[in-house]
Amino acid sequence: SQTIHQWPATLVQPVGSPLSLECTVEGTSNPNLYWYRQAAGRGLQLLFYSVGIGQISSEVPQNLSASRPQDRQFILSSKKLLLSDSGFYLCAWASGGFTEAFFGQGTRLTVV
Amino acid sequence: GQQVMQIPQYQHVQEGEDFTTYCNSSTTLSNIQWYKQRPGGHPVFLIQLVKSGEVKKQKRLTFQFGEAKKNSSLHITATQTTDVGTYFCAGNYGGSQGNLIFGKGTKLSVKP
């Protein structure tokens with residue numbers, strides 16, 4: 001069966017520090033991978049998606065970046081965090097563009 | 001970019017009352033998906049609608065996809081306290097195999 005792992009679950013980082021969130025998927029190959037951010041009490045904002053290794057599409061310009069170094073690994077990064085980067089970050093995968101997405105448990109990031 | 005509008009943002013009902021949330025897109029959707037997020041949790045897939053005018057039921061939940069494939073609704077009959085959470089629609093657009101655009105969600109609270 002397929003599983004998705006996302007870590008860490010919670011993170012408190014100072015303003016200006018770097019960020020690296022990792023997401024891995026098991027039990028499937030060539031998945032579509034997604035990073036979403038959810039501000040407190042708000043909707044899901046699509047940040048990045050990837051349909052293959054090295055293929056990253058950015059939906060929202062900001063100080064975040066994403067990389068897909070391996071087929072089932074998706075990394076969200078920042079060189080310098082801003083207060084506005086605080087939120088609940090969710091990684092998700094889907095077997096194709098028009099199939100259901102499966103979400104990881106999420107990382108709650110607080111920038112202080 | 002593509003946007004999926006969802007209303008209402010919040011809905012408070014008495015247990016046993018019905019609940020409906022609506023989604024609308026300015027452009028035609030390839031399909032639409034519905035997710036439920038419990039407080040503190042991650043979104044979980046409920047259903048996908050693909051065909052124009054499609055109606056699907058899951059027990060007390062009824063999902064509809066508009067004839068023009070631009071709008072959708074989720075209706076819950078006789079709400080229960082277990083229905084509490086945020087309901088999201090998510091749209092897939094033709095030609096964009098990767099991105100999955102979520103509405104802002106409707107947060108449902110049920111008073112026993």
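Located above this text is the structure these notes cover.
Computed from a prediction, not measured in an experiment: that's the story for all the values here.

About the cut-offs
- Residues numbered from 1 in each chain as written.
- Chains lettered and ligands numbered in written order.
- Predicted model: local features only at pLDDT ≥ 70, side-chain atom pairs only at ≥ 80, totals over all residues.
- Heavy atoms only, no water.
- Helix = DSSP H or I, 4+ residues; strand = E, 2+ residues; numbered from the N terminus.
- Rg over C-alpha atoms; globule rule 2.2 N^0.38 Å.
- Contact = heavy atoms within 4.5 Å.
- Areas by Shrake-Rupley, 256 points an atom, 1.4 Å probe, with all protein chains shown as cover.
- Lys, Arg positive; Asp, Glu negative; His and termini not counted.
- Charge placed at Lys NZ, Arg CZ, Asp CG, Glu CD.
- Pairing = 2+ DSSP bridges.
- Axes fitted to C-alpha atoms, helices over the stretch in contact; angles between N-to-C directions.
- Buried < 20%, exposed > 50% of the residue type's maximum accessible area, 1.4 Å probe, protein only.

Peer 1: Could you clarify how one ought to interpret the overall build of chain A in this entry?
Peer 2: Along the backbone of chain A there are zero helices and 11 strands. Each helix and strand of chain A, ordered N terminal to C terminal, gives the series β-β-β-β-β-β-β-β-β-β-β. Computed over its C-alpha atoms, the radius of gyration of chain A comes to 13 Å, within 12% of the 13 Å expected for a compact globule of 112 residues. For chain A, the spread of C-alpha atoms along the principal axes amounts to about 35 × 25 × 20 Å. Across chain A, the fraction of contacts at a sequence separation of at least 24, relative to all contacts at a separation of at least 6, is 54%. Here chain A has roughly 5,100 Å² of accessible surface; of this, 53% comes from carbon and sulfur atoms. Positive and negative side-chain charges of chain A, numbering 7 and 6 respectively, have mean locations separated by a distance of 10 Å.

Peer 1: I would appreciate a short explanation of the sheet that holds strand S7 (residues 64-70) of chain A in the present structure.
Peer 2: Strand pairing in a sheet relies on backbone hydrogen bonds. The paired strands run either parallel or antiparallel. Residues and elements named next belong to chain A. With antiparallel pairing, the four strands of this open sheet are ordered in space as S1-S3-S8-S7. Edge positions in the open sheet fall to strand S1 (3-7) and S7, since each of these has one partner strand only. Adjacent strand axes in the sheet meet at a mean angle of 15° when their direction is disregarded. In terms of strand pairing, S1 meets strand S3 (residues 19-26) through five bridges, oriented antiparallel. Bridging across to S3, His 5 finds its partner in Thr 24.

Peer 1: What am I meant to see in the sheet that holds strand S8 (residues 71-76) of chain B here?
Peer 2: Residues and elements named next belong to chain B. Reading across the sheet, the five strands line up as S1-S3-S8-S7-S6 and stay open at both edges, with antiparallel pairing between neighbours. Unpaired on one side and paired on the other, strand S1 (4-7) and strand S6 (55-58) mark the two borders of the sheet. Neighbouring strand axes in the sheet, compared pairwise and without regard to direction, differ in orientation by 15° on average. In the sheet, strand S7 (residues 61-65) pairs with S8 via five bridges, with the strands oriented antiparallel. Its bridge partner being in S8, Phe 65 is matched across the sheet by Ser 72.

Peer 1: Sorry, what's going on with the environment of Val 44 of chain B here?
Peer 2: Residue and element names in this part refer to chain B. If you trace the backbone, Val 44 turns up in strand S5 (residues 44-49). A relative accessible area of 44% means that Val 44 is categorised as partly exposed. For the pair Val 44 and Tyr 87, spaced 43 residues apart in sequence, the C-alpha to C-alpha distance is 9.5 Å. Excluding residues within four positions of it along the chain, Val 44 makes contact with Trp 34, Tyr 35 and Lys 36.

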